Amino acid sequence: MRIDNVPIDLLLKNMLSATGTVLLIFFLTAILSIPLGFVVALARRSRFKIISIPTRIYQLIFRGTPLMLQLFFFMYGPFYIFGIGFGRFNACIIAFVINYAAYFGEIFRGGIAAIPKGQYEAAKVLGYSKFQTFMRIILPQVVKHVMPATGNEFMTLVKDTSLAQVISVAEIYNVATNAGARYFSTVPLIVAGIFYLVMNTVVEMAFKLIEKKLDYYRT
Amino acid sequence: MLLLAENIQKRFDSENVLEDISLEVNEGEVVVIIGPSGSGKSTLLRCLTQLEQVNSGRIEINGKLMVDTVDGRAVYADSKTLHEILLDVGLVFQNFNLFPHYSVMKNIVDAQVNVLKRDKEEARTIAMELLKKMNLSDRGDAYPCELSGGQQQRIAISRALALNPKILFFDEPTSALDPELTGEILKVIRNLANENMTMVIVTHEMAFAKEVADRVIFMDNGLVVEQGTPEELFGNTVNQRTKEFLQRYSDI
Ligand SMILES: Nc1ncnc2c1ncn2[C@@H]1O[C@H](COP(=O)(O)OP(=O)(O)OP(=O)(O)O)[C@@H](O)[C@H]1O
Ligand SMILES: [Mg+2]
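Here is what the cut-offs are and how they apply
- Residues numbered from 1 in each chain as written.
- Chains lettered and ligands numbered in written order.
- Predicted model: local features only at pLDDT ≥ 70, side-chain atom pairs only at ≥ 80, totals over all residues.
- Heavy atoms only, no water.
- Axes fitted to C-alpha atoms, helices over the stretch in contact; angles between N-to-C directions.
- Helix = DSSP H or I, 4+ residues; strand = E, 2+ residues; numbered from the N terminus.
- Parallel < 35°, antiparallel > 145°, perpendicular 65-115°, else oblique.
- Left-handed = near helix turned anticlockwise from the far one by under 90°.
- Contact = heavy atoms within 4.5 Å.
- Nonpolar A, V, L, I, M, F, W, Y, C, P; charged D, E, K, R; others polar.
- Salt bridge = Lys/Arg side-chain N within 4 Å of Asp/Glu carboxyl O.
- Near = heavy atom within 4 Å.
- Polar contact = N/O pair within 3.5 Å; in protein donor to acceptor, adjacent residues only side chain to side chain.
- Areas by Shrake-Rupley, 256 points an atom, 1.4 Å probe, with all protein chains shown as cover.
- pLDDT = per-residue confidence, 0-100.
- Buried < 20%, exposed > 50% of the residue type's maximum accessible area, 1.4 Å probe, protein only.
- Buried area = accessible area lost by both parts, 1.4 Å probe.
- Patch = residues over 30% accessible without salt bridge, like charges linked within 9 Å, V, L, I, M, F, W, Y side chains within 5 Å.
- Lys, Arg positive; Asp, Glu negative; His and termini not counted.

J.: Tell me about the packing of helix 3 (residues 104–114) of chain B against helix 4 (residues 120–133) of chain B, and please be specific about residues and values.
T.: All names here are of chain B. Put simply, helix 3 and helix 4 touch, their axes get as near as 9 Å, and they point 135 degrees apart. Between helix 3 and helix 4, the interaxial angle falls into the category oblique. The two elements helix 3 and helix 4 meet at a crossing, and its hand is right-handed. Mapping the contact onto sequence places Val104, Met105, Ile108, Val109, Gln112 and Val113 in helix 3 and Lys120, Ala123, Arg124, Ile126, Ala127, Met128, Leu130 and Leu131 in helix 4. Residues belonging to the contact of helix 3 with helix 4 are distributed by class as follows: eleven nonpolar, one polar and two charged.

J.: Explain the pattern of salt bridges to me, using residue names and the numbers behind them.
T.: This structure, assessed with the given rule, holds 18 salt bridges over all chains. A:Glu106 serves as the salt-bridge partner of A:Arg44, at 3.4 Å between the closest nitrogen and oxygen. Highlighted residues: A:Arg44 in helix 1 (residues 8–45) and A:Glu106 in helix 4 (residues 88–113), separated in sequence by 62 residues. One salt bridge in this structure joins B:Asp220 and B:Arg241, with 3.6 Å as the shortest N-O distance.

J.: Requested: an account of the site of ligand 1, with residues and values cited.
T.: Residue and element names in this part refer to chain B. Inspection of the region around ligand 1 gives 13 residues, with Ser37, Gly38, Lys41, Ser42 and Thr43 positioned closest. Between ligand 1 and glycine 40 there is a distance of 3.0 Å, counted from an oxygen atom to a backbone nitrogen or oxygen. Taking 630 Å² as the accessible area of ligand 1 by itself, protein coverage stands at 62%. Taken together, the elements giving at least two residues each to the shell around ligand 1 come down to strand 2 (15–25) and helix 1 (41–48). With three residues, the single largest contributor to the shell around ligand 1 is helix 1.

J.: I'd love a proper account of the packing of helix 3 (residues 67–82) of chain A against helix 4 of chain A, names of residues and values included.
T.: Residues and elements named next belong to chain A. At a minimum axis distance of 8 Å, the contact between helix 3 and helix 4 shows a crossing angle of 135 degrees. With respect to each other, helix 3 and helix 4 are oriented oblique. The crossing of helix 3 and helix 4 is right-handed. Contact residues: helix 3 offers Leu67, Gln70, Leu71, Phe74 and Met75, while helix 4 offers Arg88, Ala91, Cys92, Ile94, Ala95, Phe96, Ile98, Asn99 and Tyr100. Within the contact of helix 3 with helix 4, the residues separate by chemical class into eleven nonpolar, two polar and one charged.

J.: Residue-level account of the confidence of the model for chain B, with values.
T.: Residues and elements named next belong to chain B. Per-chain confidence: chain B averages 93 in pLDDT, with 99% of residues scoring 70 or above. Least confident of the elements in chain B is helix 9 (residues 240–251), whose mean pLDDT is 81; most confident is strand 7 (residues 89–92), at 97. Our summary of model confidence lists the complex with pTM equal to 0.91 and ipTM equal to 0.94.

J.: Give a description of unusual backbone geometry that names residues and reports values.
T.: The residue A:Ser168 is not glycine, and still its phi comes out positive at about 60 degrees. As for its placement among the helices and strands, A:Ser168 is situated in the loop between helix 6 (130–160) and helix 7 (172–183). Despite not being glycine, B:Glu172 has its phi angle at roughly 45 degrees, a positive value. Residue placement: B:Glu172 occurs in the loop between strand 8 (167–171) and helix 6 (179–194).

J.: So what about helix 3 of chain B? Which residues, and what values?
T.: Taken across its eleven residues, helix 3 of chain B has ten buried, putting it largely inside the fold. Within the sequence span of helix 3 of chain B, burial applies to B:Val104, B:Met105, B:Asn107, B:Ile108, B:Val109, B:Asp110, B:Ala111, B:Gln112, B:Val113 and B:Asn114. Residues of helix 3 of chain B that are buried in the fold lie against helix 5 (117–126) and helix 6 of chain A together with helix 4 and helix 5 (149–161) of chain B.

J.: So what's going on with the interface of chain B and chain A? Residues and values would help.
T.: On the side of chain A, 20 residues touch chain B, which itself brings 28 residues to the contact. Between chain B and chain A lies a buried interface of about 2100 Å² when both sides are counted; carbon and sulfur atoms form 59% of it. Counting across the chain B and chain A interface gives two salt bridges. With a closest N to O distance of 2.6 Å, A:Arg136 and B:Asp110 form a salt bridge. Between the two partners, chain B and chain A, sit eleven residue pairs in polar contact (both at pLDDT 80 or more). Looking at the side of chain B that touches chain A, the elements that each hand over two or more residues are helix 2 (79–88), strand 7, helix 3 and helix 5 of chain B. In terms of residue count, the dominant contributor to the side of chain B that touches chain A is helix 3 of chain B (four residues).

J.: Tell me about a nonpolar patch on the surface, and please be specific about residues and values.
T.: Together, A:Met68, A:Leu69, A:Phe72, A:Phe73, A:Tyr76, A:Phe79, A:Tyr80, A:Ile81, A:Phe82 and A:Ile84 make up a nonpolar patch on the protein surface, roughly 1100 Å² of accessible area in all. Locating A:Ile81 in the fold gives a position in helix 3.

J.: Could you give an account of the side chain of B:Lys41, naming the residues involved and the relevant values?
T.: Residues and elements named next belong to chain B. Position of lysine 41 relative to the elements: it lies in helix 1. No salt bridge is formed by the buried lysine 41; its nearest oppositely charged neighbour, glutamate 172, is found at 4.7 Å. Leave out the neighbours within four places in its chain, and lysine 41 touches Ile33, Ile34, Gly35, Pro36, Glu172, Val202, His204 and Met219.

Right under this line is the structure:
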């Protein structure tokens, strides 16, 4: 079947396989950048300036420059410096993880700061260790607190995967622009838009569900 | 003697918040601390419960040395001893500080299980008994946000009691409550006093202080100005500053 001269079944087949790439970028970034983001948040809160200041500079750089440039940097930078690269897909994942860890670090830092001092003090007088206090008392409350901002970030991540095309990772946008150019049609781009929208609808509903699940208490 | 504090000094920045405080509390005694805002009452309780570190002085709780002063510097005990001392004390906060993500039951059980390593069933049984005592037997599954301030404070007291502290500190336990709810907390404290619980209570409830205290301490500007039985302080103090302070309350 053709729409606007575009062989739709072929396009959909390519798009679906590109969706696999998008999902892989999405899940790898999510799984790796969230724990890393927590480390970043804790490093930012460190009372040792030698830890907190470099962390802040790292966040400034990766939040303050386009992800597109960061993708180029991790793709081609190692070639210039070491004469050897990570490979296209690895470079893509490294750039996404380091970029998103900087953002998550900021979200989690805010979430940790939002927990009242009294929670730490109550836990301390009850005899909880520092580790127990963080894991049992602070972290669960932080999770609830950061959930809306994290959901927002995940929706941005779905859309940001389209940037991977600048280093020729075959994701949805990459497939769509190639098909669009070949068939002189905007249909592939519209289909790509629908793919992103479907994925983000799932993300949005998932987060609404999680937020509802965490709604059993208020602070 | 359960608590012995000698010559406690505490500075914030360069301001001496506790100038030189000495305090003794015997087993079963109820000591009430009164004094104007900013006189250092909370800071004193926070020093005794390890939420703040003193700059100098000596504190001994339940026979264990928490901090002593060597060559003008406060030296704290090792972390194991400090942890043991923490388990001997309980603190009830003005604003409860319950764990909002835990049910009432879990608030009371969690530290028993994870700090004292008590068996879960035993911890639950202890929690149930406390809830019964607090008249909250039916609220075990509720979350703190679903309770009134007075109920929350009773849970906070239960949470502290569940760890069997030797001495319980209260920092203005009724100040965050609506006036009609203070009564239920004062009743709980009164019952604890009847059971010979050792308590140090900071409060602005003068009538209550008079009734429940074995000894009243009047603090001002980081110093103990006067201490004695309620009769001595509220009845016929000769101290001018105490008089002026109490005057403000009798005027109301
Ligand atoms: N963490 C802190 N940093 C700096 N100053 C502090 C700190 N905590 C308390 N202070 C100061 O110490 C003084 C005594 O405070 P504290 O809270 O002990 O008084 P209080 O007697 O409990 O008063 P209130 O009746 O209002 O509760 C105040 O001047 C206060 O500003
Ligand atoms: Mg106070």
